[in-house]
Amino acid sequence: MSTYPGADDSKGQLIYRGAEADLVLGRWQGLEAVLKVRKPLAYRLPVLDDAIRRQRTLREAEMMHQAKKAGVATPFLYNVDVPSATLTMEYVRGDRLRDVVGSMTAKETEGAFFQFGRDAASLHSAGIMHGDLTTANVLRRDGSLVFLDFGLSYRTPRLEDHAVDIRLIKETLIGAHHREARSALEAFYRGYSEGVGPARHKAVLRQLRGIERRGRYARVE
Ligand SMILES: Nc1ncnc2c1ncn2[C@@H]1O[C@H](COP(=O)(O)OP(=O)(O)O)[C@@H](O)[C@H]1O
Ligand SMILES: [Mg+2]
C-alpha cells in the first residue's frame, strides 16, 4: 500500500476491500483513523486511471463537506492526499445499516429509516445527489446515522437525479432486506416527505414510477 507523510499504515488493518478502494484502519497523527485508498485499476489506461482516482478522491472530500453543511453527518475528514488518492478520516465505531437491519426491533427499524429518509431529504434539498444510496453506505452509531461513500455524489437539483437515489434505496431494501422492506420504506418515505415537503415528495415518486416504467438504464434528458 502506498504511504505518505503523516500516515502510519505499517500497523494498518484492512477492514474492507472494495472494487475501487481499500479501507484501512490505521492512525493519523496519533488518532485512530480510516484510510480510504483508491487503488490503481489495471483495466483502465494508467493516465485515465490516475485522473479518475484523484477526481473521485477530491469529489468525495468536497461532498462530505457539502453533506455536513446540509446537516447530514459524515466522518470527520483528517486529510486529503490527492497524489495517492487517499482520504484519511475518523473511524466511526458503528454498524453498517445493512448488517443490523435484520436484528433491530420494529421500532428501531422505523426510527432508523425515518432518519435515513430525513437525511436523504436534507441532501436533496441542498441539491446533492448521493449517488450510491444503499444500506452499506450508512453507519449507525449510538442510534444516529453517519453517511459514507460520496465518491459518486454531485450537485444537482434535478428531480430525475433525486429519484434515481430513491430508486436505489428502494431496490436495496427490496433486494437485501426483503422482510423489513415494507415498513422500512414506509418510514423512509415519511422522513423524506417531512424533509422535502409533500409536494416535492409526490413529484419524486411520480418521477420514480416513470424511471421504473422506462427500465433500468433508460434516461430522460
Ligand atoms: N470512516 C469510516 N468508519 C468506519 N467504517 C468505515 C468508514 N469508511 C468506510 N467504512 C467501512 O468500509 C466500507 C466501505 O467504505 P466505502 O466508503 O463505502 O467504500 P466503497 O466505495 O468501496 O463502497 C463501508 O461500508 C464501511 O463498512
Ligand atoms: Mg460503499
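Residues numbered from 1 in each chain as written. Chains lettered and ligands numbered in written order. Predicted model: local features only at pLDDT ≥ 70, side-chain atom pairs only at ≥ 80, totals over all residues.

1. With respect to the environment of Trp28
In step 1: Residue position: Trp28 is located in strand β2 (residues 21-28).
In step 2: You can call Trp28 partly exposed: it has 19 C-beta atoms within 10 Å.
In step 3: When the C-alpha atoms of Trp28 and Glu90 are compared, they prove to be 9.1 Å apart, with 62 residues separating the residues in sequence. (Helix = DSSP H or I, 4+ residues; strand = E, 2+ residues; numbered from the N terminus. Buried ≥ 20, exposed ≤ 12 C-beta atoms within 10 Å, placed from the backbone.)

2. Description of the sheet that holds strand β6 (residues 95-96)
In step 1: On the basis of which strands lie adjacent, the open sheet formed by 3 strands has the order β6-β8-β9 and antiparallel pairing. The open sheet terminates on both sides in strands that have one partner only, identified here as β6 and β9 (144-147).
In step 2: Where strand β8 (residues 138-141) and β9 come together, 4 bridges link them in antiparallel fashion. Of the residues in β9, the one forming a bridge with Arg141 is Ser144.
In step 3: The sheet strands contacting helix α3 (residues 106-125) are β8 and β9, and the helix crosses β9 at an angle near 45 degrees. (Pairing = 2+ DSSP bridges. Contact = placed C-beta atoms within 7 Å. Axes fitted to C-alpha atoms, helices over the stretch in contact; angles between N-to-C directions.)

3. Concerning unusual backbone geometry
In step 1: With a phi close to 45 degrees, Gln29 is a non-glycine residue in the positive phi region.
In step 2: The phi dihedral of Ala85 is positive, around 50 degrees, even though this residue is not glycine.
In step 3: Position of Ala85 relative to the elements: it lies in the loop between β4 (77-81) and β5 (86-90).

4. Things to note about the site of ligand 1
In step 1: Near ligand 1, the surroundings consist of 19 residues, among which Tyr16, Gly18, Pro75, Val92 and Asp149 are the closest.
In step 2: If you list the elements that add at least two residues to the shell around ligand 1, you get β1 (7-17), β2, β3 (31-38) and β5.
In step 3: Among the residues making up the shell around ligand 1, the classes are represented as 11 nonpolar, 3 polar and 5 charged.
In step 4: Each of domain 1 (7-90) and domain 2 (95-214) accounts for three or more of the residues forming the shell around ligand 1. (Near = placed C-beta within 6 Å. Nonpolar A, V, L, I, M, F, W, Y, C, P; charged D, E, K, R; others polar. Domains from an automatic or database assignment.)

5. Here we look at the domain arrangement of the protein
In step 1: Domain assignment breaks the protein into domain 1 (7-90) and domain 2 (95-214).
In step 2: Distance between the C-alpha centres of domain 1 and domain 2: 23 Å.
In step 3: Residue-level contacts link 13 residues of domain 1 with 12 residues of domain 2.
In step 4: Residues of the side of domain 1 that touches domain 2, tallied by class, amount to 7 nonpolar, 3 polar and 3 charged.

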